[in-house]
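Here is what each chain is made of, one letter per residue.
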4 protein chains.
Amino acid sequence: MTKHVAVLTSGGDAPGMNACIRAIVLSCERAGYRVSGFLRGYNGLLEPDRITLTAERMHNLIQQGGTILHSARCERFCEEDGLKLAARHLNEAEVDTLIVIGGDGSFHGAHALKAHWQGQIIGLPGTIDNDVDGTDATIGYYTAIETAVNSIDKVRDTADAFDRVFVVEVMGRHAGFLGLSAALASASDFVIVPELFSEAQATLAQIRQQIMQRQQRRGPVSYVIVLSEHVWPGGVTRLCEEVSDITGLEARPVTLGHVQRGGSPVSQDRILAVKLGTHAVSLVGKDVTDIMVGISSGAVVNVPLQTTWQKQKTLGEDARATALCLMNQRYQD
Amino acid sequence: MTKHVAVLTSGGDAPGMNACIRAIVLSCERAGYRVSGFLRGYNGLLEPDRITLTAERMHNLIQQGGTILHSARCERFCEEDGLKLAARHLNEAEVDTLIVIGGDGSFHGAHALKAHWQGQIIGLPGTIDNDVDGTDATIGYYTAIETAVNSIDKVRDTADAFDRVFVVEVMGRHAGFLGLSAALASASDFVIVPELFSEAQATLAQIRQQIMQRQQRRGPVSYVIVLSEHVWPGGVTRLCEEVSDITGLEARPVTLGHVQRGGSPVSQDRILAVKLGTHAVSLVGKDVTDIMVGISSGAVVNVPLQTTWQKQKTLGEDARATALCLMNQRYQD
Amino acid sequence: MTKHVAVLTSGGDAPGMNACIRAIVLSCERAGYRVSGFLRGYNGLLEPDRITLTAERMHNLIQQGGTILHSARCERFCEEDGLKLAARHLNEAEVDTLIVIGGDGSFHGAHALKAHWQGQIIGLPGTIDNDVDGTDATIGYYTAIETAVNSIDKVRDTADAFDRVFVVEVMGRHAGFLGLSAALASASDFVIVPELFSEAQATLAQIRQQIMQRQQRRGPVSYVIVLSEHVWPGGVTRLCEEVSDITGLEARPVTLGHVQRGGSPVSQDRILAVKLGTHAVSLVGKDVTDIMVGISSGAVVNVPLQTTWQKQKTLGEDARATALCLMNQRYQD
Amino acid sequence: MTKHVAVLTSGGDAPGMNACIRAIVLSCERAGYRVSGFLRGYNGLLEPDRITLTAERMHNLIQQGGTILHSARCERFCEEDGLKLAARHLNEAEVDTLIVIGGDGSFHGAHALKAHWQGQIIGLPGTIDNDVDGTDATIGYYTAIETAVNSIDKVRDTADAFDRVFVVEVMGRHAGFLGLSAALASASDFVIVPELFSEAQATLAQIRQQIMQRQQRRGPVSYVIVLSEHVWPGGVTRLCEEVSDITGLEARPVTLGHVQRGGSPVSQDRILAVKLGTHAVSLVGKDVTDIMVGISSGAVVNVPLQTTWQKQKTLGEDARATALCLMNQRYQD
């Protein structure tokens, strides 16, 4: 009997989610599976609200940001009755495989569902924060870096014109992947991310010393600091005030905000989305469940869903090298 | 004896200032004039800090944001002694013509200088706010619209994904040109600009009614509001709270900030910069001074500097039509 | 009785056609008119192939390139029987107003239709070539300039790296608007457009002299020539050979081609599209027909359809100034 | 005594070469090394033509395409006397380490130099073609994919509007990395790359069958083929003719050409350039030479220079998966 694959997007949206939905639908059609989508994340499982997905609808979707399946928070889903209701709706719809595109929070829910539903559950990492353990990259991460870097490139123009300090706050939730990559690729002068941040006063002293050194060497200077959200006590505005106090220079805040979540995905996110989505469909009916399909050292891998959140993903060798490079930059001029 | 033309950029930087400097330098070289630049706006006239500008240095400059002459505020310049000092330095440097690229504030200064200096003074409009009377467009305005629209396009992706309200604050100082154009080109649902804003409660009621109408017609909706800076009592965050209160929907703020000031100029700004800069040089030595070179109905025009600030530039016929179009959009879906 | 407005897009597609369709549909809905679209240009009138257009469908359309109504050539339409058939189908569908978005070729057809159909006919200029008389700009023109300039900016990187000559062929049909604007905004070294081109040998001599001058002054140089299509005998490849022959330098051709036709419209095209589309709908039922709605000196104007092709649109004052600026650039370094 | 590091860029330029030069210079300054650059690839070693590189000069360089050290072919270098001359100039300049940024052709030269010069030789992979064995990615590859995909996204707009076939020729030299990635990320309908191409008639039959299937299912269709350069007998124009002959549809060629070589590097290329450049400097004075520093499974690795060209780099596991995904797409609608 024909397999029925259902997909949903959950948590914060990320560029490439649509490219992934497209890859899943096209792969299912090729394999001869039925495929449908639940709307607004787990809410679609509870109401239920489900649409049939066809290859027709996928045309010109690879380049669109956001998610045509919509997303939303859903507290109720994680309660016992919510999970049971979802299981009932999945059975009524005769779904064989549920594919959840989202972050570790969404995978928590998917894993919890397993206790109440016998079907196959596969997670695909979709978040701009890249804070999902078990995969080197998440769908949306590359685009968010690009968006942040393009914005910082623009901010630098003004920083240079006015020999002014700018502090640019980027997203990243509790991880520094986005902040570190954006700072590195934008040749920013300083970066403050959770993993490398210890103490405010010490950090301020470091910034001050560096700015002073440069001023002595070449007069007025511009200086761009990349700050990850949720790190600095008092936030980006407070940091600006403190930098002004210790340096006597004007420091202006820029908060990139939700702009980082949208936009047409860059090629790397499109390619990652197609790889992961296609691989997920290749697992349909196989004896694997409660897993996430990720990418590791360029190869597609399956990891148990729990691993994606049980241990906080830390900046790896790769990222430490990145940090080191950035240290170099600090002496750039 | 060879004419000596000096240039400076003042006020907020704007994409295309470098393209304009380039056009001035190349035109001067062709006419056989010497050309130099004063650094950091009027500060360069007081210190003095002047560099020679050569055609060589202009290569690959047309596409760069910011200003290689730097910019900065300069309170002291507008005081009697500041103006006298500037005049003395201009005479010592044997400058025949001073070209000031900036906004109406900068033109104030240029006009004040006239009482103390006999040389020729020409202003060129360079600001992303387009709030200079006597010209249809200012250098940097087109790029700022593009930057804002690209960002709003991204925000809409998330707004649609979450059926959420977003309020995007754009620059514009005390004018709504940037806000209105950005809202129109991004197909935003509502726009709040100084010229069209009267009263907060009435505006909130209008927004509420429109959102309710749409929800009744099609369930969850996304809604994007473009807000000009300095307009809403309490700012963008307060507006979000108020919209949430009256609609019961989540409303998130996005402040584009200084990103709007930088970036490689779009073609229209590059072309405008070349036209105005080239025309300014064609006036060197002619019997015109204390004027701004602007663009009006596609033609380059000279207007007295005072006219650029004496009357607040208002949204013209063109802009009213734009506003009308936007009203249509409000019923878009 | 409710008015029925029909729209079609004809001729080469141009970025902003969708934004214009959207503005028409939203304006019609607001005015309470029915609105539908004929597919594949005039072919849709002959088959007939017509779809109803709703505001729902217009969401997120403003930023899309191409045309959802599709376009195609249609020789048969211009023959007597084709026009009669189209008229019959328009009457059967009870269309009151036909809006044609396209270039002067398409307007020819629209004008010819008038002899056989009593309804109201309105043309809107949509082409990247800006070669429609009676309007300062056409929908798609601004985006094509941007696309060409972004490409030439990239080509210049390689030209500089290799101190090499590049000839970039851009579109424009028989007009030099696109070529001249692209050359100016990209700071290209030379431009060859129909209006300014007389004789090949003289042009080659000019190029040779300029390159030689620069080499004497500063050794190896890069040199970028913008060439309009259909101008050079033998085309861009032949020109490269000839430039190599007279200069002894490598000259490489780049043909931008159809890339110039697509892409998300820049803000200026989106705004123009909204203005013209909205104005067209405001004319529905009024005593005007067989006209094109264009933009002149920033104001929306109505001109008889014939004027759009009867006289070849020439580079105006504006464009001559542009050319003059470019001449300056040729001595840039 | 202070180490002296010299850098040069050779072969085709690639976005990110400047970012790599910057990383090398900043790392050298931090380590206390002297650093200089030879101009125009190996030509700079023969003339000699060498400049001192300072951190000052590196400001705002990370985002620039091309190479400030210029590049050029240099036949003479590979001859005995050329290599000897280069060695003498390197000794006269007291260069300890020579870093060559380029492709396998350039590495050939670097390796040949080893027989005549005792200094340390390090290669860094810089080419848009990604055809260097021993590294997963080359500097410039990611940007070229992005440029190609952005162009194909635009072409698709026109393809859809006219239900037309387009064949887009991309670079890649003799490898299909760029073609395959561009086709995948642009959701193209068919891809022809060296590694997957066997026989023209079979390929044409495949294309024909696919187009016919779609037409039967849904009438007029658009169809985009990505073609790697040097693969199709007669090139892209010939392929278009042949596709037209067998399908009866219009097929238009687009050759992206040198546009793919330039432009501001995307973040991934900037990051790769910083990693490789910084690592190369960390090797200065160590007992390794005649090697290339590459990236493998996310880790920086050193491989003997010969390995980079001795075996043709083939599409790996990764790329085959990519190809498989693309096969899926062919049935997309």
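Keep in mind that what you see is a predicted model, and the values were worked out from it rather than measured.

Attention shifts here to the sheet that holds strand β1 (residues 4-9) of chain B. Residues and elements named next belong to chain B. The strand order across the open sheet formed by 7 strands is β3-β2-β1-β4-β5-β10-β11, and the pairing between neighbours is mixed. In this open sheet, the two strands that pair with only one neighbour each are β3 (50-52) and β11 (299-304). Here the average twist between neighbouring strands, direction ignored, is 30°. Bridge count for strand β2 (residues 34-38) against β3 is 3 bridges, and the pairing is antiparallel. Each bridged residue has a counterpart across the sheet, and for Gly37 the counterpart in β3 is Ile51. Together, β1, β2, β4 (97-102) and β5 (120-125) form the strand contacts of helix α1 (residues 17-31), whose direction differs from that of β4 by roughly 160°. In this fold helix α9 (residues 267-282) packs onto β4, β5, β10 (291-296) and β11, with an angle of close to 140° to the strand it touches most, β10.

Residue and element names in this part refer to chain A. Taken domain by domain, chain A consists of domain 1 (4-140 + 265-307) and domain 2 (141-261). Domain 1 and domain 2 are separated by 35 Å when their C-alpha centres are compared. Domain 1 puts 19 residues into the contact, and the matching count from domain 2 is 13 residues. Here domain 1 meets domain 2 over a buried area of about 1300 Å², counting both sides, of which 55% is carbon and sulfur. Area buried by domain 1 at its contact with domain 2 is led by Ile128, Asp129 and Asn130, which between them contribute 41% of it. As a salt-bridge pair, Arg173 and Asp104 come within 3.2 Å of each other at their nearest N and O atoms. Between domain 1 and domain 2 we count 10 residue pairs in polar contact (both at pLDDT 80 or more) in total. Element by element, the count of residues in the side of domain 1 that touches domain 2 is highest for helix α9 (residues 267-282), at 3 residues.

In this section: the UniProt feature "domain: Phosphofructokinase" (unreviewed entry) in chain A. When the UniProt feature table is mapped onto this chain, "domain: Phosphofructokinase" (unreviewed entry) is found at residues 5-283 of chain A. Counted over residues 5-283 of chain A, helix gives 44% and strand 16%. Its end C-alpha atoms are 11 Å apart.

Let us now look at the pairing of strand β2 (residues 34-38) of chain A. Most of β2(A) is tucked away: 4 of the 5 residues are buried. At this point the chain moves from strand β1 (residues 4-9) of chain A, through helix α1 (residues 17-31) of chain A, to the parallel β2(A), and the crossover so formed is right-handed.

Residues and elements named next belong to chain B. Residue Pro48 is reached from Glu47 by a cis peptide bond, and omega for that bond is -15°. Counting through the fold element by element, Pro48 comes out in the loop between α2 (43-46) and β3. Backbone geometry at Asp290 places phi at a positive 55°, although glycine is not the residue there. Along the chain, Asp290 turns up in the loop between α9 and β10.

A gap remains between chain A and chain C, with no contact made and the closest C-alpha atoms lying 10 Å from each other. The closest approach of any C-alpha atom in chain B to one in chain D is 10 Å; the two make no contact.

This part takes up the pattern of salt bridges. Tallied over the entire structure, the rule returns 68 salt bridges over all chains. The salt bridge partner of B:Asp133 is B:Lys311, with a shortest N-O separation of 3.2 Å. Linking B:Asp133 in the loop between β5 and α5 (141-162) with B:Lys311 in the loop between α10 (307-310) and α11 (317-329), this pair joins segments that are 178 residues apart in sequence. One salt bridge in this structure joins D:Arg156 and D:Asp153, with 3.5 Å as the shortest N-O distance.

All names here are of chain A. Relative to the helices and strands, Trp309 is located in helix α10 (residues 307-310). Here the alpha-carbon distance between Trp309 and Val132, two residues 177 residues apart in the chain, equals 6.7 Å. Each residue touching Trp309, except ones within four places of it in the same chain, is listed here: Asp104, Phe107, His108 and His111.

The next subject is the sheet that holds strand β4 (residues 97-102) of chain C. All names here are of chain C. Taken in spatial order, the 7 strands make up an open sheet running β3-β2-β1-β4-β5-β10-β11, and their pairing is mixed. At either margin of the open sheet sits one strand with a lone partner, and together these are β3 (50-52) and β11 (299-304). When the angles between neighbouring strand axes are averaged without regard to direction, this sheet yields 30°. Here 4 bridges tie strand β1 (residues 4-9) to strand β2 (residues 34-38), and the two strands are oriented parallel to one another. Looking across to β2, one finds that Val7 is bridged to Gly37. Together, β4, β5 (120-125), β10 (291-296) and β11 form the strand contacts of helix α9 (residues 267-282), whose direction differs from that of β10 by roughly 140°.

Here the focus is the packing of α5(B) against helix α6 (residues 177-185) of chain B. All names here are of chain B. At a closest axis distance of 9 Å, the pairing of α5 and α6 adopts a crossing angle of 45°. In terms of their interaxial angle, α5 and α6 are classed as oblique. Here the hand of the crossing between α5 and α6 comes out right-handed. Facing α5, whose interface residues are Tyr141, Ala144, Ile145, Ala148, Val149 and Ile152, α6 presents Phe177, Leu178, Ser181, Ala182 and Ala185. Considered class by class, the residues forming the contact of α5 with α6 number 10 nonpolar, 1 polar and no charged.

So, on to the packing of helix α7 (residues 200-218) of chain C against helix α8 (residues 235-247) of chain C. Residue and element names in this part refer to chain C. Taken N-terminus to C-terminus, the directions of α7 and α8 make an angle of 50°; their axes are 10 Å apart at the nearest point. One way to sum up the angle between α7 and α8 is to call them oblique. Considering only the axes of α7 and α8, their crossing is right-handed. On α8, the residues touching Leu204, Arg208, Ile211 and Met212 of α7 are Leu239, Glu242, Val243, Ile246 and Thr247. Split into classes, the residues belonging to the contact of α7 with α8 amount to 6 nonpolar, 1 polar and 2 charged.

In this section: helix α8 (residues 235-247) of chain B. Residue and element names in this part refer to chain B. Here α8 is 13 residues long and its end C-alpha atoms lie 18 Å apart, about the 18 Å a rise of 1.5 Å per residue gives. Where α8 is concerned, the buried positions are Val236, Leu239, Cys240, Glu242, Val243 and Thr247. Buried-residue contacts for α8 involve β6 (165-170), β7 (190-192), α7 (200-218), β8 (223-228) and β9 (251-255). Immediately beyond the C-terminal end of α8, within one or two residues, lies Gly248, with a positive phi of roughly 75°.

Thresholds applied
- Residues numbered from 1 in each chain as written.
- Chains lettered and ligands numbered in written order.
- Predicted model: local features only at pLDDT ≥ 70, side-chain atom pairs only at ≥ 80, totals over all residues.
- Heavy atoms only, no water.
- Pairing = 2+ DSSP bridges.
- Helix = DSSP H or I, 4+ residues; strand = E, 2+ residues; numbered from the N terminus.
- Axes fitted to C-alpha atoms, helices over the stretch in contact; angles between N-to-C directions.
- Contact = heavy atoms within 4.5 Å.
- Domains from an automatic or database assignment.
- Buried area = accessible area lost by both parts, 1.4 Å probe.
- Salt bridge = Lys/Arg side-chain N within 4 Å of Asp/Glu carboxyl O.
- Polar contact = N/O pair within 3.5 Å; in protein donor to acceptor, adjacent residues only side chain to side chain.
- UniProt positions renumbered as here; feature names shortened; annotations may be inferred.
- Buried < 20%, exposed > 50% of the residue type's maximum accessible area, 1.4 Å probe, protein only.
- Right-handed = clockwise from strand over helix to strand, strands pointing away.
- Parallel < 35°, antiparallel > 145°, perpendicular 65-115°, else oblique.
- Left-handed = near helix turned anticlockwise from the far one by under 90°.
- Nonpolar A, V, L, I, M, F, W, Y, C, P; charged D, E, K, R; others polar.
- Expected span 1.5 Å × (residues − 1).

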